[in-house]
Amino acid sequence: MIHSLSRAFVIPVVVFCCLAGDASAQTQAPAQEPIESMPIHAGPFGLRPSLSITSVGSDSNVFNVAEQPQDDFTATIVPRIVARLRAGRLMFSYGLASDLVYFRTFTDEGSVNGTTDLRVDANLGRLQPYASAGWVSTKDRMNAEVDARAPRTQRTIGAGTRLLIASRTAIVVNARRFDLDFDEGSEFRGSDLAHDFNSRADSIEAGVQLVLTPLTTLNLTTTMQRDRFDSAPEKNSDTWRLTPTLQFDPTALVRGSVSVGYRHFDPVDAQLPDFSGVVVQVMAGYTLLERTKFDLDLARDVQYSYEDLEPYYLSTGGRLTVTHRLVGPFEIQGEAGRQSLGYRNRVASGVVRTDTVGIAGAGVGYWLRPQLRVGFNWEQTRRLSDISNRHYDRRRLFASLSYGS
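Everything numeric in this text was worked out from a predicted model, so none of it was measured.

Re the pattern of salt bridges
Within this structure, the stated rule accounts for 22 salt bridges. A salt bridge links arginine 394 to aspartate 59, with the nearest nitrogen and oxygen atoms 2.7 Å apart. A residue pair is termed long-range when its members are at least 10 positions apart, and arginine 394 in strand 21 (residues 392-403) and aspartate 59 in strand 2 (residues 45-59) qualify at 335 residues. A network of salt bridges, in which partner residues are shared, links Glu310, Arg353, Asp355 and Arg383.

Here is the structure:
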């Protein structure tokens, strides 16, 4: 769902950062919603429930295959809840979501995907530590390459602190462990996904946080990361990265975050070429004249592959969604995106193959109430590759209903 940009990414992203001037945040995490602004709140307790019914319609290529695509009727129901509790100097946050995925004919493709997040923050004056944990159990497609609904579990634990050294300046330190485990027997194109991907990533980062305006925060962090695989040690690697990040308050004219940095990816296997270069992560939005909303996702970073001779690739891409409010509660929407997967070979230098995935779509929406929206969308996805059986075309026509999100 993303876009081939290479070096041309840097100039528009930097321009975007300069024009954005109005927003906030905390390091490497979205700003937390105040309890008082949650839909349900009483004293120190707040609750935000939401419900989405998405993708209710037809999928022309359920398995994303090049030949003899098969269609089906599908739907996804996503209930979510976020709870927050203030207890003295402590703030407890809890999030729970479930994706109930239905297929009428290919019932094995259906699933119940669960996500749980826990976090506790302490405000001890100048010292503000936190601890967090997350758990995901899902069959959702992992990325554009591993294009199969294979069951896996993801676990994350983290901790860190923020130390105020001046009214607008803080030192931040964070540590994180991420574990990825595919179920035994999970396969994709004949490859054992548990063998190829079961791994853990340990990282630690430190840096400085500068509050530029009441709505804008700049984080300058350096990260060291260690990736180790259970059954594929040839993929083990070490990384360091330098990442300046602008974070914007959700209530600002510009919202989200913009990160443009440098990464040195160093595989332990001397036969595998390393990567050094620009990495990008942008998830930002802008509203023009309170009627037209622009949402932009950009990403450029290294991803691991299931291929034996091409153990990793550089994923580069972006997606733009534009939503325009017409008369009253009616709105129209358009989206376009493109992603490139530049594979690195174990024996050859440079990029040996580049696959591309393009997406385009359009839709209409109607707001029944301020928190209740119904939409109808059409979407087309196309993948191109030097390997013929990696091609596919996919079209979806679907309806959606969302409340509170």
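Some details on the environment of serine 400
Here serine 400 lies in strand 21. Relative accessible area serves as the criterion here: at 17%, serine 400 is assigned to the buried category. Beyond its immediate sequence surroundings of up to four residues, serine 400 is in contact with Ile53, Thr54, Arg373, Val374 and Gly375.

A short note on the confidence of the model for the chain
Mean pLDDT over the chain works out to 88, with 91% of the residues at or above the 70 mark. Note on residues 1-30: pLDDT under 50 across the span, and 95 contacts to partners over four residues away in sequence or across chains.

Quick notes on the pairing of strand 21
Sheet analysis places strand 2 next to strand 21, joined by 7 bridges and oriented antiparallel. The residue bridging isoleucine 53 from the neighbouring strand is leucine 401, located in strand 21. Here strand 20 (residues 372-384) runs beside strand 21; their pairing, made up of 12 bridges, is antiparallel. Paired with leucine 372 across the strands is tyrosine 403, a residue of strand 21.

Each value, and the rule that gives it
- Residues numbered from 1 in each chain as written.
- Predicted model: local features only at pLDDT ≥ 70, side-chain atom pairs only at ≥ 80, totals over all residues.
- Heavy atoms only, no water.
- Salt bridge = Lys/Arg side-chain N within 4 Å of Asp/Glu carboxyl O.
- Helix = DSSP H or I, 4+ residues; strand = E, 2+ residues; numbered from the N terminus.
- Buried < 20%, exposed > 50% of the residue type's maximum accessible area, 1.4 Å probe, protein only.
- Contact = heavy atoms within 4.5 Å.
- pLDDT = per-residue confidence, 0-100.
- Pairing = 2+ DSSP bridges.

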